[in-house]
Amino acid sequence: MKRTIPLLITFAVGLALIVAMFIPHVPFYELDGMFSVFYDVIAVFAFILGGGNLLKVHLNKIQNKRRDWKYSIVTVSGFFLVLAAGLLKIGVPDGWSGGYQAPGSLFKFLYDATFQPLQATMFSLLAFFVASASYRAFRAKTKEATILLVAAFIILLRPTPLGYYLTYWLPEPLRFLHIPNLSTWVLSVPNMAGQRAIMIGIALGIVSTSLRLILGIERSYLGSEGK
Amino acid sequence: MAEAEKTEKTEGTEKKGTFVEKMGSVDRRIIFLLIGLAVLIPIIIEYTTAIPTSPLVQNLFDKIESLPPGSKVLMSFDYGPSTVPENQPMATAFTRHIFEKGHKLYLMALWATGPRQSEALIEDVISVEFPDKKYGEDWIHLGYKAGNQGLINTLLSDFTAMYTTDLDGTSIDEFPMMKGIGSLTDFDLILGLGSGFPGTKEWVQFAGDPGDIPVGGGTTAVMAPLLFPYYPRQIVGFLGGLQGAAEYEYALIKQYPKYEEKSRLASTSMGPQVWAHLVIVAFIIVGNITFFIERSRRKRY
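Structure report, in brief. (Residues numbered from 1 in each chain as written. Chains lettered and ligands numbered in written order. Predicted model: local features only at pLDDT ≥ 70, side-chain atom pairs only at ≥ 80, totals over all residues. Heavy atoms only, no water.)

**Focus on the overall build of chain B**
So, step 1. Counting its regular elements, chain B contains 10 helices and 6 strands.
So, step 2. Relative to a compact globule of 301 residues, whose C-alpha radius of gyration would be 19 Å, chain B shows 25 Å and is clearly more extended.
So, step 3. Overall size of chain B, expressed as C-alpha extent along the three principal axes, is 100 × 40 × 30 Å.
So, step 4. Per-residue burial for chain B yields a buried fraction of 55% across its 301 residues.
So, step 5. As displayed, chain B offers around 13,200 Å² of accessible surface, 56% of which is attributable to carbon and sulfur atoms.
So, step 6. Within chain B, the 35 negative side-chain charges are centred at a point lying 9 Å from the centre of the 28 positive side-chain charges. (Helix = DSSP H or I, 4+ residues; strand = E, 2+ residues; numbered from the N terminus. Rg over C-alpha atoms; globule rule 2.2 N^0.38 Å. Buried < 20%, exposed > 50% of the residue type's maximum accessible area, 1.4 Å probe, protein only. Areas by Shrake-Rupley, 256 points an atom, 1.4 Å probe, with all protein chains shown as cover. Lys, Arg positive; Asp, Glu negative; His and termini not counted. Charge placed at Lys NZ, Arg CZ, Asp CG, Glu CD.)

Spelled out as structure tokens, the structure:
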């Protein structure tokens, strides 16, 4: 029973959405919007699940004093601090009637003073690591690596004045070799072809996985109960 | 004597080899230092570079330019603080253009971190440069809703099913500009500013394509190649990273010279990016030269 009911729900919903897609008339057409609302409502509950899971993992780590458990104290403390700041509307000038992100609120202060600079710092560090990795990885060791190297070179030079001055003198018949033109070509021809191939592959994979789910062949989403 | 000459030659080769080897494996701290300088110096000396507008960006600019005044433009903030340097100049340039043309601006977010970025836009641009634009009549902040692409799907069939109030909890029925908004198809243009999932791609797949709504936007540079398959049939145009934003600023200043002083956020940020790229290119060249020298030496001996 535990397996049959979820499988039947999956089959019915999957079938209903296929029907809604191919018969764009009332009442089938409305099914799509209706199920989307259901999905949005369920998505909100995912936050509770996510918060619960975060606490479970980190409290377990702290309790058993596993590797780097001290960082978990920071995570859990941060979680409760931000949650309390938002839920209790600490520091909101208008009290309970004001927005939790209102100027002067603790939530806004925490966001602006910690979350924002921390995220920006983490992302900024990429510039340093990308530079170091490019230097070590972009070596023309094989034909494939050479193609990658040349493509990277063109794209990297694209916004720079050097990219312009290196090739601006080329005569009209060779204008396609001008670096800005070459970079546009790299992005809109080989890149696009590759992206399309990947997208078509993914789409076919989604279709086959969806069919397996609807027909009850794929049951891993049921967890251990599905076995 | 001959033996001494031979020894000297060998030592010379060893010295050369050592230099080549050193250049082939530069300490990462030196790379970090040079990248740091390449970023810092252009910021200090305020180095800027003109970035002419590419057709990809110009198409989107022309689309906003050609919409009749009063057109409804939905702008979604689907990014967080980490990509503010790339995405925020796009939002700023779009907002200036939208208000300049007299369109109505609807702000929303698919990311929980999005509303804070739109609030920054309100504080820095709308309140300062367009104080005459009235909330609820010319622009509105609808805030964030969960659901990712599912939310877009719902908005496509019934906008008010998800957005019953604005960000502050006021009923949307109280705002004149919300009259006539039943679904996403009532918008004249959707601008998705994204840096991941869900983002501009999802706006194309779940709103633009099924609803036949013009979609444009901007993404971080690493996300931009993913949008090329949709251009130009499914996406009007898009801004790829900081360069795309700088290109849009260039187009805006060209059309409206009064923004010459103000609209420089992306252009000034391009300086550090340009120099950082040049440093990376220089290191790639050095790395490959030393690689070929070492390889030819290995073949020889």
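Moving on from the coordinates now.
**Overview of the packing of helix α4 (residues 106-137) of chain A against helix α5 (residues 114-129) of chain B**
So, step 1. Two elements in contact, α4(A) and α5(B), have axes whose closest approach is 12 Å; the angle formed by their N-to-C orientations is 105 degrees. One element, α4(A), and the other, α5(B), form an angle in the roughly perpendicular class. Across from A:Lys108, A:Tyr111, A:Asp112 and A:Gln116 in α4(A), the residues of α5(B) making contact are B:Arg116, B:Gln117 and B:Glu123. (Axes fitted to C-alpha atoms, helices over the stretch in contact; angles between N-to-C directions. Parallel < 35°, antiparallel > 145°, perpendicular 65-115°, else oblique. Contact = heavy atoms within 4.5 Å.)

**Some thoughts on helix α7 (residues 179-214) of chain A**
Residues and elements named next belong to chain A.
So, step 1. Taking 1.5 Å of rise per residue, the 36 residues of α7 would be expected to cover 52 Å, and the 50 Å separating its terminal C-alpha atoms lies within 8% of that figure.
So, step 2. Taking the largest bend as the criterion, α7 deviates by roughly 40 degrees, centred on Asn 191.
So, step 3. Of all the residues in α7, the buried ones are Ile 179, Leu 182, Ser 183, Val 186, Leu 187, Asn 191, Met 192, Gln 195 and Ile 214.
So, step 4. Buried-residue contacts for α7 involve α1 (4-22), α5 (143-157) and α6 (161-167).
So, step 5. Gly 216 lies just past α7 and shows a positive phi near 80 degrees. (Expected span 1.5 Å × (residues − 1). Bend = angle between axes of the 7 residues up to and from the residue.)

**Examining the environment of B:Gly114**
Residue and element names in this part refer to chain B.
So, step 1. Summarising the element assignment, Gly 114 is placed in helix α5.
So, step 2. Along the primary structure Gly 114 and His 103 are separated by 11 residues, whereas in three dimensions their C-alpha atoms are 22 Å apart.
So, step 3. Those residues in contact with Gly 114 that sit more than four places away from it in its chain are Phe 77, Tyr 79 and Ala 109.

**Describing a nonpolar patch on the surface**
Residues and elements named next belong to chain B.
So, step 1. On the surface, Ile 30, Leu 33, Leu 34, Leu 37, Leu 40, Ile 41, Ile 44 and Ile 45 cluster together to form a nonpolar patch covering roughly 760 Å² of accessible area.
So, step 2. Here Ile 44 is to be found in helix α2 (residues 28-45).
So, step 3. The exposed category is assigned to Ile 44, whose relative accessible area is 64%. (Patch = residues over 30% accessible without salt bridge, like charges linked within 9 Å, V, L, I, M, F, W, Y side chains within 5 Å. Salt bridge = Lys/Arg side-chain N within 4 Å of Asp/Glu carboxyl O.)

**Focus on the pattern of salt bridges**
So, step 1. Within this structure, the stated rule accounts for 11 salt bridges over all chains.
So, step 2. Residue B:Glu260 is joined to B:Arg264 by a salt bridge in which the shortest nitrogen-to-oxygen separation is 2.8 Å.
So, step 3. Accessibility expressed as a relative area gives 35% for B:Glu260, which makes it partly exposed.
So, step 4. Overall, the relative accessible area of 29% leaves B:Arg264 in the partly exposed class.
So, step 5. Taken together, the shared-partner salt bridges in this structure form one network comprising A:Lys108, A:Asp112, B:Arg116, B:Glu119 and B:Glu123.

**Focus on the environment of B:Asn87**
All names here are of chain B.
So, step 1. Summarising the element assignment, Asn 87 is placed in helix α4 (residues 84-100).
So, step 2. Excluding anything up to four places from it in sequence, Asn 87 contacts Tyr 79, Gly 194, Ser 195, Gly 218, Thr 219 and Thr 220.
So, step 3. Polar side-chain contacts of Asn 87 include one of 3.4 Å to the backbone oxygen of Gly 194. (Polar contact = N/O pair within 3.5 Å; in protein donor to acceptor, adjacent residues only side chain to side chain.)

**Some remarks on the sheet that holds strand β2 (residues 104-109) of chain B**
All names here are of chain B.
So, step 1. Taken in spatial order, the 6 strands of this open sheet run β3-β2-β1-β4-β5-β6, and their pairing is parallel. Both edges of this open sheet fall to β3 (139-144) and β6 (238-240), since each of them pairs with a single strand only. Between one strand and the next, the sheet's axes are offset by a mean angle of 15 degrees, whatever the strand orientation.
So, step 2. Relative to β6, strand β5 (residues 215-219) runs parallel, the two being bridged by 3 bridges. Within the sheet, the bridge partner assigned to Gly 217 lies in β6 and is Phe 238.
So, step 3. Most of the contacts of helix α8 (residues 200-211) go to β5, to which it runs at about 165 degrees, and overall it touches β1 (72-78), β2, β4 (189-194) and β5. (Pairing = 2+ DSSP bridges.)

**Considerations on the environment of B:Ala112**
Residue and element names in this part refer to chain B.
So, step 1. Its location among the elements puts Ala 112 in the loop between β2 and α5.
So, step 2. On the basis of relative accessibility, which here comes to 52%, the residue Ala 112 falls in the exposed class.
So, step 3. Between the C-alpha atom of Ala 112 and that of Ser 183, which follows or precedes it by 71 residues, the distance is 22 Å.

**Concerning the packing of α4(B) against α5(B)**
When two helices pack together, you describe them by how their axes are tilted relative to each other and by the distance separating the axes.
Residues and elements named next belong to chain B.
So, step 1. Two elements in contact, α4 and α5, have axes whose closest approach is 10 Å; the angle formed by their N-to-C orientations is 40 degrees. One element, α4, and the other, α5, form an angle in the oblique class. When the axes of α4 and α5 are compared, the crossing they make is right-handed. Seen from α4, the contacting residues are Val 84, Gln 88, Ala 91, Thr 92, Thr 95, Arg 96 and Phe 99; seen from α5, they are Gln 117, Ala 120, Leu 121, Val 125, Ile 126 and Glu 129.
So, step 2. For the contact of α4 with α5, the class distribution of residues is 7 nonpolar, 4 polar and 2 charged. (Left-handed = near helix turned anticlockwise from the far one by under 90°. Nonpolar A, V, L, I, M, F, W, Y, C, P; charged D, E, K, R; others polar.)

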